[in-house]
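# Chains, contacts and geometry: an overview
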Amino acid sequence: MTSAAPDSAILQLQGASFGYADRAVVKDLDLRVEPSEVIAVLGPNGSGKSTLVRGLLGLNGHLEGTVRVLGEDLAHLKDRYRLGYVPQRHTLSASVRATVEEIVAIGRLPHQSWFARRSALDDQLVRESLELVGLSDRAREDVSTLSGGQQRRVLIARALAAQPRVLIMDEPTAGVDEASQIVLADVLHRLVERGTTMLIVTHELAALRDLVTRIVVISGGRLRFDGDPTSYAERRAADEIAHAHGGHHHDDELPTRRGTPTGALGPVDHLGAS
Ligand code: ADP
């Protein structure tokens, strides 16, 4: 806990569990996200990162404990679009016949009545969001003609158009080539400069290392680490030394470059410290 006023937190989780039907996947999580923090959520496959993210968005079960968004209880949240979401698998299949700006304008829908035309503010936010992700010149194009990395940026723009208080991203750089990763990291940098609070689930910390202010590691559904990137790098280095000396695996051990049996974060995860 920090000494900040309780309502300054964007997200506040206390003893929170998330999961499905009768099974808790993420258990007993305490987490407080302050404005302008950029948090990378790391952990092996199947450790519950997506379950946590989807739980925060109210898309699947929040089972226990307290979850507050801007001081409001998640269950009674009036405006869910204060939580911006960029899903892991882009949903812009080839069959979608829509222009880039039409997709981004979907982000404004929760703010419009059913019969309302787009307002000047809607148009302005769509324009600004496209500018932020560097796709202004593609606004009128069919979204299916864009590359995977560009479509990822369209989805970021769609989330931004709703003016979210926090942007929650599930693997924003996964499955795109290195050049697109660099462009995406650049977009995220621009968001950091604007003070955007972000929670980013990622396997590719190296691509984001300059912008992350805090690292949270979830493994086996439990919080294993919560700290700044420097302490994370130190902790990983210490774990690797322990490995080199034949140390045993502990359940609360961080995933290392060497890899845990549960499938670790892989070689690109480390902070690039040489
Ligand atoms: P991660 O995002 O860290 O890879 P997930 O949150 O996707 O992990 O998965 C965590 C656990 O939750 C896994 O054991 C997975 O099988 C289970 N799980 C994921 N989605 C569902 C679902 N819709 N129903 C039931 N169990 C699920």
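Use the structure listed above.
Residues numbered from 1 in each chain as written. Predicted model: local features only at pLDDT ≥ 70, side-chain atom pairs only at ≥ 80, totals over all residues.

### Re the overall build of the protein
Regarding its fold elements, the protein presents seven helices and 10 strands. The buried share of the protein, taken over its 274 residues, is 40%. The contacts of the protein with a sequence gap of at least 6 include a subset with a gap of at least 24, amounting to 71%. (Helix = DSSP H or I, 4+ residues; strand = E, 2+ residues; numbered from the N terminus. Buried ≥ 20, exposed ≤ 12 C-beta atoms within 10 Å, placed from the backbone. Contact = placed C-beta atoms within 7 Å.)

### Here we look at the sheet that holds strand E10 (residues 222–227)
The strand order E6-E7-E8-E3-E9-E10 describes an open sheet built from six strands, whose pairing is mixed. Bordering the open sheet on either side are strand E6 (83–86) and E10, each of which pairs with just one other strand. Each strand axis lies, on average, 15 degrees off the axis of its neighbour in the sheet, ignoring direction. Alignment of strand E7 (residues 166–170) against strand E8 (residues 197–201), held across five bridges, turns out to be parallel. Each bridged residue has a counterpart across the sheet, and for Met169 the counterpart in E8 is Ile200. On top of the sheet, helix H4 (residues 148–161) reaches E6 and E7; it is set at about 170 degrees to E6, its chief contact. (Pairing = 2+ DSSP bridges. Axes fitted to C-alpha atoms, helices over the stretch in contact; angles between N-to-C directions.)

### Digging into the environment of Glu178
In this fold, Glu178 is placed in helix H5 (residues 178–193). Residue Glu178 is classed as exposed on the basis of its C-beta count, with 9 C-beta atoms lying within 10 Å. Linking Glu178 and Ser231, residues 53 residues apart in sequence, is a C-alpha distance of 27 Å.

### Here's the deal with the pairing of strand E1 (residues 11–20)
A large share of E1 lies buried, amounting to seven of its 10 residues. Where E1 folds back on strand E2 (residues 23–33), the antiparallel hairpin that results is connected by two residues, among which Ala21 adopts a positive phi of roughly 40 degrees.

### With respect to unusual backbone geometry
Here Gln163, not a glycine, exhibits a phi torsion of approximately 55 degrees, which is positive. Within the secondary structure layout, Gln163 lies in the loop between H4 and E7. Using a count of 16 C-beta atoms within 10 Å as the deciding quantity, one classes Gln163 as partly exposed. A positive phi angle, close to 55 degrees, is found at Glu171, a residue other than glycine. Inspection of the secondary structure puts Glu171 in the loop between E7 and H5.

### Observations regarding the site of the ligand
As a structural note, the neighbourhood of the ligand is formed by Tyr20, Val25, Gly43, Asn45, Gly46, Ser47, Gly48, Lys49, Ser50 and Thr51. The element best represented in the shell around the ligand is helix H1 (residues 49–56), accounting for three residues. Classifying every residue of the shell around the ligand by side-chain character gives two nonpolar, seven polar and one charged. (Near = placed C-beta within 6 Å. Nonpolar A, V, L, I, M, F, W, Y, C, P; charged D, E, K, R; others polar.)

### Notes on the pairing of E7
Buried residues dominate E7, accounting for five of its five residues. Side chains Val166, Ile168 and Asp170 of E7 all project onto a buried face; the interleaved residues Leu167 and Met169 project onto the opposite face, where all are buried too. Direction of pairing for E6 relative to E7: parallel, over a ladder of four bridges. Bridge pairing in E7 links Tyr85 to Ile168. Tracing the backbone out of E7, into H5 and back to the parallel element E8 gives a crossover that is right-handed. (Right-handed = clockwise from strand over helix to strand, strands pointing away.)

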